[in-house]
Amino acid sequence: MIISRQKEFNDILQMLAEKNVFIIGCGKCAKKQRVGGEPEVKDMKNRLEAAGKNITGWTVLSSACSIRSWEEVLSVNLEIEKSDALLVMSCGGGVSVISGFAGKEVYPALDTVSLGGVVCNEVVTEQCGMCGDCTIWLYGGICPVIQCAKGLLNGPCGGAVEGKCEIDERLCAWDKIFERLKEHKKLQNLEKINEPKNYMKKVRVKP
Ligand code: SF4
Ligand code: SF4
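Colleague: Even after reading the chapter, I still don't get the overall build of the protein chain, so can you show me in this structure?
Modeller: Helix and strand content of the protein chain: seven helices and seven strands. Dimensions of the protein chain, computed from C-alpha atoms along their principal axes, come out at roughly 65 × 40 × 30 Å. By the burial criterion, 38% of the 207 residues in the protein chain qualify as buried. The long-range fraction of contacts in the protein chain, counting pairs at least 24 apart against all pairs at least 6 apart in sequence, stands at 62%.

Colleague: Would you take a moment to explain the sheet that holds strand β6 (residues 110-119) for this structure?
Modeller: As summarised here, the arrangement of the three strands in space is β1-β6-β7, forming an open sheet in which the pairing is antiparallel. Looking at strand neighbours, the two that pair on one side only are β1 (2-6) and β7 (122-128), the edges of this open sheet. Pairs of neighbouring strands in the sheet enclose a mean axial angle of 55°, with direction left out of account. In terms of strand pairing, β6 meets β7 through four bridges, oriented antiparallel.

Colleague: Is there a simple way to explain the site of ligand 2 in this structure?
Modeller: Around ligand 2, the neighbouring residues are C148, A149, K150, P156, C157, A160, C165, E166, C172, A173 and W174. Grouping the amino acids of the shell around ligand 2 by side-chain chemistry returns nine nonpolar, no polar and two charged.

Colleague: Sorry if this is basic, but what is going on with the site of ligand 1 here?
Modeller: Around ligand 1 sit Q127, C128, G129, M130, C131, C134, T135, I136, C143, V145 and K197, and those are all the residues in its vicinity. In terms of residue class, the shell around ligand 1 is made up of seven nonpolar, three polar and one charged.

Colleague: I tried to follow the sheet that holds strand β5 (residues 105-108) on my own but got confused; where do I start?
Modeller: Strand-to-strand pairing in sheets goes through backbone hydrogen bonds, with the strands running parallel or antiparallel. Sheet architecture is open: four strands sit in the order β3-β2-β4-β5, paired in parallel fashion. The open sheet has two edge strands with one neighbour each: β3 (54-61) and β5. Each strand of the sheet is rotated relative to its neighbour by a mean of 20°, with strand direction disregarded. On top of the sheet, helix α3 (residues 38-50) reaches β2 (20-26), β3 and β4 (85-89); it is set at about 170° to β3, its chief contact.

Colleague: I would appreciate a short explanation of the environment of P196 in the present structure.
Modeller: Mapped onto the fold, P196 is located in the segment after α7 (173-183). You can call P196 exposed: its relative accessible area is 64%. Each C-alpha atom, one on P196 and one on G92, is 28 Å from the other, the two residues being 104 residues apart in sequence.

Parameters and conventions
Residues numbered from 1 in each chain as written. Chains lettered and ligands numbered in written order. Predicted model: local features only at pLDDT ≥ 70, side-chain atom pairs only at ≥ 80, totals over all residues. Heavy atoms only, no water. Helix = DSSP H or I, 4+ residues; strand = E, 2+ residues; numbered from the N terminus. Buried < 20%, exposed > 50% of the residue type's maximum accessible area, 1.4 Å probe, protein only. Contact = heavy atoms within 4.5 Å. Pairing = 2+ DSSP bridges. Axes fitted to C-alpha atoms, helices over the stretch in contact; angles between N-to-C directions. Near = heavy atom within 4 Å. Nonpolar A, V, L, I, M, F, W, Y, C, P; charged D, E, K, R; others polar.

None of the figures reported here should be taken as evidence of function without further support.
Below, the structure written as structure tokens:
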């Protein structure tokens, strides 16, 4: 599950210079999080029209990042060809894939923030920050890269008050890590200093 959130509407308006816009939603992650399914696409259409845009049409693809055939998409959405730009309500993966086919301006309506998951039908956010060097087992399966507000590989920072992070509303990730390691009888993991990650693994090499 890719975790995304909608951009501020004014930011979308600033990006979107073109008048004739077709909106594409995503029927997978964005729908599940209620940021790019049919209700959100229709809401975006209404807001953009109220702001003076001409919305030529809209669709929700079954998965914006996995398109079998762009020709197939075009054949059932003829208005795409008549549009100056596409506004895609999916993660960056979907925007990137569609940009590769569209041959016209493609804009993201969402910001992609992390990898999450689904537990008992509930979306859980911030499960993985895609660091490229996974050491999550050292922390009892709770990733500090993404769940600690400071991304500390060695914690806690000491700022938590009654289990709450000093930065924002979240529970202190390092409190949770401590409890999990205790439960797993792995508290010895906290005795060693974790080295910085191997960021060479994040180097973008040509696939
Ligand atoms: S250690 Fe890196 S790869 Fe593993 S869960 Fe955390 S961010 Fe994701
Ligand atoms: S209070 Fe906990 S979660 Fe917040 S920054 Fe410090 S160690 Fe990280």
